[in-house]
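# Per-entry structural report
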Amino acid sequence: MIYLVLLTISIILTIIYAAMWHKHFNLYLTLIFSFIPFAELGYYFVANSTNKEEALTVLSFPFIFSGLLQMFITLTVFSLCKIDLKKTYKIIMFAVVIIVSSFTFNIKNTTNFYKGCEFKIVNGYGTLVSKDYGPLHTVFYVMIISFMVLGIGALIFGYIKKKDVSHSIIALLFLPELVSVVAYFGGKLLPGKTDLTPISYIFAQIVYLIIVYRLNLYNVDDTIIDSLVESGETGFISIDFNRRYLGSNETAKNLFPELVGYPLDKSIEKNEHLKETLGRWLRQFQNNRTGWNVTYEYEDKSYSVSVNYLYIGNRKWGYRFIFNDNTEDRNYIKLVDKYNSELETEVQKKTQSIVEMHDKMILSLAMMVESRDNSTGGHIMRTSEVVRILIEEMTRENELHLKAKFCKDVIKAAPMHDLGKVAVDDAILRKPGRFTDEEYEKMKKHAEEGAKVIHKILDGTDDLEFHIIAENVAHYHHERMDGSGYPDGLKGEEIPLEARIMAIADVYDALVSKRVYKEKFSFEDADRIMMESMGKHFDKNLEKYYVAARPRFEEYYRSLDKETENEGSLSGKRSSQS
């Protein structure tokens with residue numbers, strides 16, 4: 001049963017390797033994964049033999065594949081340690097394996113491998129015991145030991161001399177070599193001289209899968225588009241999630257001389273320049289969590305640096321930096337920018353003049369409309385100031401995350417909130433007293449009419465955001481949070497925020513100002529009414545901003561009263577002098 005389990009595990013590990021396979025994978029690693037299941041199959045056949053002749057017949061499988069596998073393991077070590085082994089030596093190695101292994105095809109009829117042996121069933125498995133080894137068996141062991149020595153020697157050489165080879169990979173490569181030695185010779189010391197070779201193969205496959213995983217990271221050529229690899233103007237650097245250096249091309253090394261000879265797996269944080277550049281860019285990318293780029297100036301050239309995730313297949317394995325030479329573009333852009341800057345300055349001057357003229361015209365129109373209303377003298381200017389103070393309190397901590405432009409647009413739109421009164425009949429608008437129900441219904445239409453007027457005035461403007469805000473302020477500033485307002489009976493957050501802000505300013509001014517049909521309320525009475533209306537008429541979420549702004553409201557209105565008193569006093573003096 002154990003040999004069947006080992007065979008099954010071997011096949012599964014080979015399938016996993018096949019799923020990870022890439023055209024640039026090491027050939028000898030691929031051969032190792034291809035041959036191990038056959039070697040395991042040979043041990044399975046031997047274990048299930050029923051007699052000596054049958055066992056000797058199938059024993060050639062383990063011998064042949066053991067020799068080939070040990071050769072492939074050695075060649076893998078040379079390859080991954082980047083030690084160039086001449087083709088002639090490879091041919092000699094292969095020839096020796098084939099010649100020695102070929103004698104195993106007829107083990108049962110010759111004495112080259114076994115001069116004599118017995119067959120027994122031990123713990124349910126067939127096994128050969130009391131072996132009397134022949135000369136070729138010794139030759140076979142010498143061959144295996146030679147491959148092991150060559151492999152270990154290559155690992156030591158790579159560890160000492162090869163800085164561009166990961167030391168963690170060398171350490172991993174050493175494990176199968178060590179386990180092979182233990183398996184081949186350690187089993188001889190166990191009771192019954194148990195053969196541990198099949199288990200060592202499984203261990204080797206697991207280690208090689210780990211190596212393949214790491215090689216996927218180190219092999220930068222496979223993780224970056226081939227055209228970038230071949231381009232002399234494009235550089236790239238790869239690091240893993242622990243900020244350990246994985247590799248780079250020559251262009252990147254020219255930009256960062258520190259990378260020449262920089263050990264693989266070493267953190268970029270260990271070098272001050274790499275930490276300041278690559279490390280800082282990586283932190284900025286991690287904060288954004290999206291594709292990110294910056295310009296890197298080196299000598300007389302400019303490079304566009306993009307930072308993003310390093311993908312292998314569909315999975316993220318680290319980070320990549322790509323450097324594209326944009327020196328010509330930079331010089332061209334500088335030239336264009338200089339021209340555009342000069343042109344933009346002139347355009348801004350003209351545009352600002354037009355905008356100011358446009359704003360003054362709208363304000364003048366609003367004041368002209370207000371002049372028709374006996375009850376609201378100075379209302380638009382006062383409410384505009386109240387809106388400005390309220391928004392300043394809202395943006396002090398900015399818990400609502402209001403954009404600066406939104407705040408500016410609401411303040412700018414405040415004087416336009418009653419433009420719809422231009423469509424109200426003078427007899428109603430200038431009535432010196434309270435409205436009848438019928439008159440009030442007509443008066444209420446000013447909100448909807450105001451939105452229409454503003455839409456026509458601002459139609460075609462480039463500033464669509466302001467256009468929408470101004471319409472909303474005029475249209476919905478009489479809506480109430482409980483849905484009892486007009487013209488559409490909106491409730492809660494259905495009412496645009498700009499209209500909810502305007503509503504507070506509009507009502508507060510109406511309360512603390514004198515109208516033809518009422519005297520002004522005291523600040524205390526006005527505040528009581530405002531607070532009682534929070535959550536019903538006004539947005540409860542704006543209550544704390546209203547409370548914070550209230551002292552400034554009162555200070556502002558007291559200053560207006562003082563100005564009025566001074567003007568009255570001055571007027572009285574002039575009258576007496578005349």
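What you see is a predicted model, and the numbers here were worked out from it, not measured in a lab. Within each chain, residue numbers correspond to sequence positions counted from 1 in written order. Side-chain atom pairs in this predicted model are given and counted only at pLDDT of 80 or more, local residue features only at pLDDT of at least 70, and totals for whole chains, interfaces and linings cover all residues. In computing side-chain values, all of the structure's heavy atoms are included and hydrogens and water are not.

## As for unusual backbone geometry
Cis geometry is adopted by the peptide bond preceding Pro 487, which originates at Tyr 486 and carries an omega value of 10°. Its location among the elements puts Pro 487 in the loop between α18 (464-476) and α19 (497-512). Even without glycine at this site, Asp 265 takes up a positive phi of about 75°. Runs of E in the DSSP output that reach at least two residues are strands. Runs of H or I that reach at least four are helices, and both are numbered from the N terminus. By secondary structure assignment, the location of Asp 265 is in the loop between α11 (250-255) and α12 (272-288). Think of it in three bands: with a 1.4 Å probe and only protein chains considered, a residue is buried below 20% of the maximum accessible area for its type, exposed above 50%, and partly exposed in between. Asp 265 sits in the buried class, given a relative accessible area of 18%. Although it is not a glycine, His 401 sits at a positive phi angle of roughly 55°. Within the secondary structure, His 401 is located in the loop between α14 (379-397) and α15 (404-413).

## What to know about the packing of aromatic side chains
For Phe, Tyr and Trp, rings pair up if their centres lie within 6.5 Å, where Trp contributes its six-membered ring, and each pair is then called stacked (planes under 30 degrees apart), edge-to-face (over 60) or tilted (otherwise). On inspection of all chains with the given rule, the structure shows 20 aromatic pairs. Taken together, a centroid distance of 5.5 Å and an interplanar angle of 75° make the contact between Trp 281 and Tyr 296 edge-to-face. Of this pair, Trp 281 sits in helix α12 while Tyr 296 is found in strand β5 (residues 292-298), placing the two residues 15 residues apart along the sequence. Given a relative accessible area of 2%, Trp 281 falls into the buried group. A residue is classified by how much of its surface remains accessible, and Tyr 296, at 10% relative accessible area, is buried. Among the aromatic residues, those joined into a cluster by ring pairs are Phe 256, Trp 281, Tyr 296, Tyr 298 and Phe 323. Placement of a charge over a ring requires the Lys NZ or Arg CZ to be within 6 Å of the ring centre, with the centre-to-atom vector within 35 degrees of the ring normal. Looking at Lys 412, its charged tip hangs above the ring of Phe 466, at a distance of 4.4 Å from the centre.

## Some thoughts on the pairing of strand β1 (residues 114-122)
Strands are labelled as partners when DSSP assigns at least two bridges between them. Direction of pairing for β1 relative to strand β2 (residues 125-133): antiparallel, over a ladder of seven bridges. Bridge pairing in β2 places Gly 116 opposite Asp 132. Taking the residues between adjacent antiparallel strands as the criterion, β1 and β2 are bridged by two residues, where Asn 123 takes a positive phi near 55°.

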